[in-house]
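Residue-level listing of the chains:
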Amino acid sequence: AMLTASPTRGIEVTDLWAAHASRRAWAVKGANVQCQSGEVVMILGADGSGKTRLLTSVAERIFVPPRSARTTTHVRGSVTVGGVDLSKWDKTQLQKRVGVCLNDVRTVSDCASLVAGCTIEEILEPVVAGGRVGQKERN
C-alpha cells in the first residue's frame, strides 16, 4: 500500500529524547512539537535547555548525514512529516519537502530590519533566478 502524506499535517515530534554525541545525559526529554503546513514555529528557552539538540536531532533524522558528522545520539520518540513516520519516507523525496532554519534570537532583530515591510510569503518564497535559488529583490 502506498502511503500518502497530508499536505496540511506538517511536522509532528512526539516524545523525543536526544543526547549530544559527546555526552551521556539527555539534552531533550520527552519533547512534543507540532508545526502545521504554513506555520512558522519559534522554539525559545534558556541556554542549555535543549533547543538546538531538539532541532538537530530532527534534522539529522531527516537529512541523515554520514555517521561521523552526526552530533546526536540516543534518539527515541517519533517524528512524522505529513502524517507519515520518517522511517516510511523515501529520503530523497523527504529532503526536497522539508527545511530547518536554526537562528540565534540575538540575530532575529538584525534580520527583522532586512525583511521589514515584506509579507510572510515574500520572506519564505524562494525565487529561482538563473538556475539558482536567490533572494527576491525588493523595490
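Conventions used here
Residues numbered from 1 in each chain as written. Predicted model: local features only at pLDDT ≥ 70, side-chain atom pairs only at ≥ 80, totals over all residues. Heavy atoms only, no water. Core = buried A, V, L, I, M, F, W, Y, C linked by side-chain atoms within 4.5 Å. Buried < 20%, exposed > 50% of the residue type's maximum accessible area, 1.4 Å probe, protein only. Helix = DSSP H or I, 4+ residues; strand = E, 2+ residues; numbered from the N terminus. Contact = heavy atoms within 4.5 Å. Phe/Tyr/Trp six-rings, centres within 6.5 Å; stacked < 30°, edge-to-face > 60°. Lys NZ or Arg CZ within 6 Å of the ring centre and 35° of its normal. Pairing = 2+ DSSP bridges. Expected span 1.5 Å × (residues − 1). Polar contact = N/O pair within 3.5 Å; in protein donor to acceptor, adjacent residues only side chain to side chain. pLDDT = per-residue confidence, 0-100.

Notes on the nonpolar core
A general tendency of soluble globular proteins is for nonpolar side chains to be buried together.
So, step 1. Grouped together as the largest cluster of nonpolar side chains are 15 residues, with contacts concentrated most on Leu 16 and Leu 94.
So, step 2. Listed by contribution, the elements that provide at least two residues to this core are strand S1 (11–20), strand S2 (26–35), helix H1 (51–63) and strand S3 (72–81).
So, step 3. Discounting residues that sit within four places of it in the chain, Leu 94 has contacts with Ile 62, Val 81, Leu 86 and Trp 89.

Digging into the packing of aromatic side chains
So, step 1. Here the structure, examined in full by the defined rule, presents one aromatic pair.
So, step 2. Aromatic side chains Trp 17 and Trp 26 sit 5.3 Å apart centroid to centroid with 80° between the ring planes, which places their arrangement in the edge-to-face category.
So, step 3. Judged by its relative accessible area of 30%, Trp 26 falls in the partly exposed class.
So, step 4. Positioned above the aromatic ring of Trp 17 is the side chain of Arg 76, whose terminal nitrogen or guanidinium carbon lies 4.4 Å from the ring centre.

Concerning the environment of Leu 16
So, step 1. With respect to the helices and strands, Leu 16 occurs in strand S1.
So, step 2. On the basis of relative accessibility, which here comes to 0%, the residue Leu 16 falls in the buried class.
So, step 3. Expressed as a C-alpha distance, the spacing of Leu 16 and Val 75, which sit 59 residues apart in the sequence, is 7.0 Å.

As for the pairing of S2
Regular strands place their side chains on alternate faces of the sheet.
So, step 1. Note: S1 against S2, six bridges, orientation antiparallel. By the bridge assignment, Val 13 is partnered in S2 with Val 33.
So, step 2. In sequence, S1 turns back onto S2 through a hairpin of five residues.

Looking at H1
So, step 1. In this model H1 runs 18 Å from its N-terminal to its C-terminal C-alpha over 13 residues, within 8% of the 18 Å that 1.5 Å per residue would give.
So, step 2. Among the residues of H1, those classed as buried are Arg 53, Leu 54, Thr 56, Ser 57, Val 58, Ala 59, Glu 60 and Ile 62.
So, step 3. Taken from the residues just after H1, Val 64 is the one with a positive phi, measuring 40°.

Some thoughts on the side chain of Thr 72
So, step 1. With respect to the element layout, Thr 72 can be found in strand S3.
So, step 2. Looking at Thr 72, its side chain comes within polar contact range of the side chain of Arg 53, at 2.7 Å.
So, step 3. In this structure, Thr 72 is in contact with Ala 18, Ala 19, Ala 21, Arg 53, Thr 56, Ser 57 and Glu 60, ignoring residues within four places of it in sequence.

Observations regarding the environment of Leu 86
So, step 1. Mapping Leu 86 onto the fold places it in the loop between strand S4 (84–85) and helix H2 (91–97).
So, step 2. With a relative accessible area of 4%, Leu 86 lands in the buried category.
So, step 3. For Leu 86 and Ile 62, which are 24 residues apart along the polypeptide, the C-alpha to C-alpha distance reads 7.1 Å.

Digging into the confidence of the model for the protein chain
So, step 1. Taken residue by residue, the protein chain gives an average pLDDT of 76. The fraction at 70 or more is 69%.
So, step 2. Note that residues 127–139 has pLDDT below 50 and, in this model, eleven contacts with residues that lie over four places away or in other chains.

Some remarks on unusual backbone geometry
Note: most residues except glycine have negative phi, and most peptide bonds are trans.
So, step 1. Of note in the backbone geometry, Asp 15 takes a positive phi value of approximately 50° without being a glycine.
So, step 2. As for its placement among the helices and strands, Asp 15 is situated in strand S1.
So, step 3. Its relative accessible area of 40% is what places Asp 15 among the partly exposed residues.
So, step 4. The phi dihedral of Val 64 falls on the positive side, at around 40°, and the residue is not glycine.
So, step 5. Note on Val 64: relative accessible area 39%, which makes it partly exposed.

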